[in-house]
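Coordinates in review
Each chain is listed here by its residues.
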Amino acid sequence: MTDLVVGLDSWIIQDGNYGDFAQATNASFALEFCPVVPLPKCGRFDQKAPSLKQIVESSYQVVGQVVHAQDDWWVLDAGILMYCDGKPSDKACLDAWLEGLIFIGVDPFFYFESHAHQPGAPALVYDWHIDKIEMETGPFIETKPKHFERDPEKCGWKEVAKTDAWREQGPYLLHCTRLGGPRAARSRSRL
């Protein structure tokens, strides 16, 4: 898997974890994934192969093997390595094959600030070329008192040359081509 569409929330940039992203530039980051529901086990390896199939935006149907599992995070190999922050389900044990629907996003900071520095942590940082950036355009509506969400009836995306997390609400979709990796996270100050 060399091309991915990866989600990016504005707060990840606003927290100082990354600078703004721009089209036709390169960036390095790990991938975080979030299962829609706990991923069920799938059949033996010879019946399935690691895969990611884009469903919509940064949602993918995944088949992968658990290659690292700790009490508070775990790593799935679906042809590309990505991690899930939080306690793994009982089915997400080392070497288990799982499949299901996930969202993929830019590592907010959990991997590069914490997980990467634990003994035995796999290298998860990839180099990416940012081919295209889209920003969500749907208006916000109040869904309960003082709680606003994007209007699902008017959801849309527009292409932008770069993110502008301090003036725009986002979220963004980064259309990326993998250049290299994985490699270990370097200790770094926030950008």
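Our subject is the structure listed above.
Computed from a prediction, not measured in an experiment: that's the story for all the values here.

Note: strand β10 (residues 140-144) against strand β11 (residues 147-150), four bridges, orientation antiparallel. The partner of glutamate 142 across the bridge, within β11, is phenylalanine 148. Where β10 hands over to β11, the hairpin turn is made up of two residues, of which lysine 146 adopts a positive phi near 60 degrees.

Time to look at a nonpolar patch on the surface. Side chains of Val36, Val37, Ile55, Val56, Leu101 and Phe103 sit close together on the surface and give an oily, nonpolar patch of about 490 Å² of accessible area. Of all the elements in the fold, those that place two or more residues in the nonpolar patch are β4 (51-56) and β8 (97-106). Considering the arrangement of structural elements, one finds leucine 101 in strand β8.

In this model, the largest pocket occupies a volume close to 400 Å³. For the largest pocket, the lining is made up of 22 residues, of which Gly7, Leu8, Asp9, Ser58 and Phe103 are closest to its centre. Here the element with the most residues in the lining of the largest pocket is β8; it accounts for four residues.

With the rule as written, the count across this model stands at eleven aromatic pairs. Relative to tyrosine 111, the ring of tyrosine 83 lies with its centre 6.0 Å away and its plane at 35 degrees, an arrangement referred to as tilted. Remark: tyrosine 111 occurs in helix α2 (residues 110-113) and tyrosine 83 occurs in strand β7 (residues 81-85); sequence separation between them is 28 residues. Residue classification places tyrosine 83 among the buried residues on the basis of a relative accessible area of 0%. Relative accessible area serves as the criterion here: at 1%, tyrosine 111 is assigned to the buried category. Seen from their ring centres, phenylalanine 109 and phenylalanine 110 are 4.5 Å apart, and the 45 degrees between their planes marks the pair as tilted. Since its relative accessible area comes to 25%, phenylalanine 110 is described here as partly exposed.

Here is what the cut-offs are and how they apply
- Residues numbered from 1 in each chain as written.
- Predicted model: local features only at pLDDT ≥ 70, side-chain atom pairs only at ≥ 80, totals over all residues.
- Heavy atoms only, no water.
- Pairing = 2+ DSSP bridges.
- Helix = DSSP H or I, 4+ residues; strand = E, 2+ residues; numbered from the N terminus.
- Patch = residues over 30% accessible without salt bridge, like charges linked within 9 Å, V, L, I, M, F, W, Y side chains within 5 Å.
- Areas by Shrake-Rupley, 256 points an atom, 1.4 Å probe, with all protein chains shown as cover.
- Salt bridge = Lys/Arg side-chain N within 4 Å of Asp/Glu carboxyl O.
- 1 Å grid on protein atoms, 1.4 Å probe; cavity = no way out; pocket = protein on both sides within 12 Å on 5 of 7 lines; lining within 4 Å.
- Points joined across faces, edges and corners; volume = space filled by probe spheres on them.
- Phe/Tyr/Trp six-rings, centres within 6.5 Å; stacked < 30°, edge-to-face > 60°.
- Buried < 20%, exposed > 50% of the residue type's maximum accessible area, 1.4 Å probe, protein only.

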